[in-house]
Amino acid sequence: MKDKTKIHTGFLDSIAITGIGIAAIYWILESFMFFFLSPDANIVHHLLGEDMFETLTRVLVLCMFLIFGSHIQYNINRRREADSAMRQQDEKYRTIIENIEEGFLETNLSGNFTFFNNSICKILGYSNEELIGMNNLEYTNSGNNKRLNEIMNEVRRTGEPVQVKDFEVIRKDGAIRAIEFSLYLIKNSKNKPAGFRGVARDVTEFFKAERERKKLEKQLQHSQKMEAIGSLAGGIAHDFNNVLMGMQGNASLMLFDIDENHPHYKKIKSIERYVENGSSLTRQLLGFARSGGYEIRATDLNKLIKRTSSMFGRAKKEIMIYTNFLKNIWTVEINQGQMEMVFLNLYINALHAMPEGGDLHLLSENVVIDEGLAGNLKLKQGEYVKVSVVDTGAGMDNEIQEKIFDPFFTTKEKGRGTGLGLASASEVIKNHGGLIDVYSKKGEGATFNIYLPASDKKVIQEKKLTRTILKGKETILLVDDEEMIIEVNQEILKALGYKTMIARSGKGAIEIYKNSREKINMVIMDMIIPGMSGKEFYNNLKKVDPEIKVLLSSGYSISGQATEILERGCNGFIQKPFKLRELSFKIREVLDGK
């Protein structure tokens, strides 16, 4: 509309200028002709007119000259001012567009650049000279080419702007960047589509941060889930171990009075074996207890793996086991029972991946995790022992690999597995300060890599318990709130020759010890004490007698609180269920100060 008004005004100005020009030329020419044709005539008189009417006419014409001239000059000045203001406004908007962080661009209908700012050059990595006339399909791949064409056609068809949140472009250097942009239709003076105008923003770092946030959120949810499952599993394992303790205690008492020729000997030994199987299950459940700990010792992993793989290989002869161990492997501090469970779970997982038989490769090596590798593996920098368990089975796709360490996830048929094996293995490794990861492709087998922190401690050879049962005559205060445990342990202690006093609460135990301090030689306490925490109970005992001898017994593994009690001077730990022979050795270790 402004352009039409401007053209109309210019046309009127042209008519006025033309009219004034013709009148002025006519007047001047006519006056000069009169002067040359009538040299005796009075030129002034002629210019002013022969009479009053002509004089007035000529004055009126002069006034019209002045009016029209002033009007034309006024319009010319206005037009100059408007053009100047428009140039300033254009320069203002150009400066804004050139300095905004977002990219601004215009293209023709074919997608060729006709205008763009410096931010577009920065996003795409091209210079101004390279981008001008460049088609926008040249910086996208084939998949995004099709998508961009569809977007442009939609904007052209509907005339409505479109916003795109996630679109990938390829920079000149080959790097892929994520952008979000808005695309608008440009129309010409006839209201016909003439091109496209867009505003784009590089959101690569935002998307990267968002992906990291979601990843951390997923890890937090997994951690919370594992913590909840760990609390539940720990409670179940504790109660189950108390039940197993009752069974194991009674079996031990029966075996204590009979020899191998007794008709019930084998049956009772079978009960012990079943208890051991149940105890193995509780150890697996305790693997989920993230806050828990284990009784650890410096260990040669090569020997432990040889022992577990030999036992597995004898039972599963369809699997060929190959080993490649580093001779001078570094020492690691682990709970051997828990780590045996980890490797057996990995062997069983490989067996299920190779139902018709296959090869199982076991490798060990010393590795140093530097800063770069530590970030990728999410481990602390330092020295680690790496163990690889490689099978030639069916392999896994990425979707299964992401879930394989989740509790209760299994690829087996319903009723054929619980999905606890690899999940508990992962938690055990984490509790030891290490990491387990998996690499696999469908049809190409799987590789499980375990990283455990190296230790500078020397390997301690485990003492083998002899068949001898150690007895004594001392007095022991037994503190527990489970009647079943009190009964069986009281019988065991009696069979070992010890006198016993019983306390079923922390407060009662403190009173008994204060009143009979001279008679009591040691205390066997459970971690769960009614009326006070195990830590508080132990501290109160130490206040009464700083030299008191205490053996800690629990259905849990060595948790954080148990570790604190041991660090404060507690003389030993024994986990339920235990055999009569094991308890006899532990009691003598505490009493004799070994």
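Use the structure listed above.
Residues numbered from 1 in each chain as written. Predicted model: local features only at pLDDT ≥ 70, side-chain atom pairs only at ≥ 80, totals over all residues. Heavy atoms only, no water.

Peer 1: Now, about the pairing of strand β13 (residues 475-479): what can you tell me, with residues and values included?
Peer 2: Regular strands have side chains that alternate between both faces of the sheet. The buried fraction of β13 amounts to five of the five residues, a majority that puts the element mostly inside the structure. Residues of β13 alternate between two faces, with T475, L477 and V479 on one and I476 and L478 on the opposite face, all of them buried. Of the strand pairs in this sheet, β13 and strand β14 (residues 499-503) are connected by five bridges, and their pairing is parallel. Pairing of T475 across the sheet is with K499, part of β14. Remark: the β13/helix α14 (residues 483-495)/β14 crossover connection has right-handed handedness. Here four bridges tie β13 to strand β15 (residues 522-526), and the two strands are oriented parallel to one another. Pairing of V479 across the sheet is with M525, part of β15. (Buried < 20%, exposed > 50% of the residue type's maximum accessible area, 1.4 Å probe, protein only. Helix = DSSP H or I, 4+ residues; strand = E, 2+ residues; numbered from the N terminus. Pairing = 2+ DSSP bridges. Right-handed = clockwise from strand over helix to strand, strands pointing away.)

Peer 1: I'd love a proper account of the side chain of S182, names of residues and values included.
Peer 2: Tracing the backbone through its elements, the reader meets S182 in strand β4 (residues 176-187). Given a relative accessible area of 13%, S182 falls into the buried group. When sequence neighbours within four positions are dropped, the list of residues in contact with S182 reads V162, Q163, R197, G198 and V199. (Contact = heavy atoms within 4.5 Å.)

Peer 1: Residue-level account of the sheet that holds strand β2 (residues 113-116), with values.
Peer 2: Taking strand neighbours across the sheet as the criterion, the five strands line up as β2-β1-β5-β4-β3 in an open arrangement whose pairing is antiparallel. Among the strands making up the open sheet, the edge pair consists of β2 and β3 (162-170). Averaged over all adjacent pairs, the angle separating strand axes in this sheet is 30°, with direction ignored. In the sheet, β3 pairs with β4 via seven bridges, with the strands oriented antiparallel. Directly across from V162, in β4, lies its bridge partner L183. (Axes fitted to C-alpha atoms, helices over the stretch in contact; angles between N-to-C directions.)

Peer 1: Break down a nonpolar patch on the surface for me, citing the residues and quoting the values.
Peer 2: Judged by side-chain polarity, V243, M247, I271 and M484 come together as a nonpolar surface patch covering roughly 290 Å² of accessible area. With respect to the helices and strands, the residue M247 is situated in helix α7 (residues 204-256). (Patch = residues over 30% accessible without salt bridge, like charges linked within 9 Å, V, L, I, M, F, W, Y side chains within 5 Å. Areas by Shrake-Rupley, 256 points an atom, 1.4 Å probe, with all protein chains shown as cover. Salt bridge = Lys/Arg side-chain N within 4 Å of Asp/Glu carboxyl O.)

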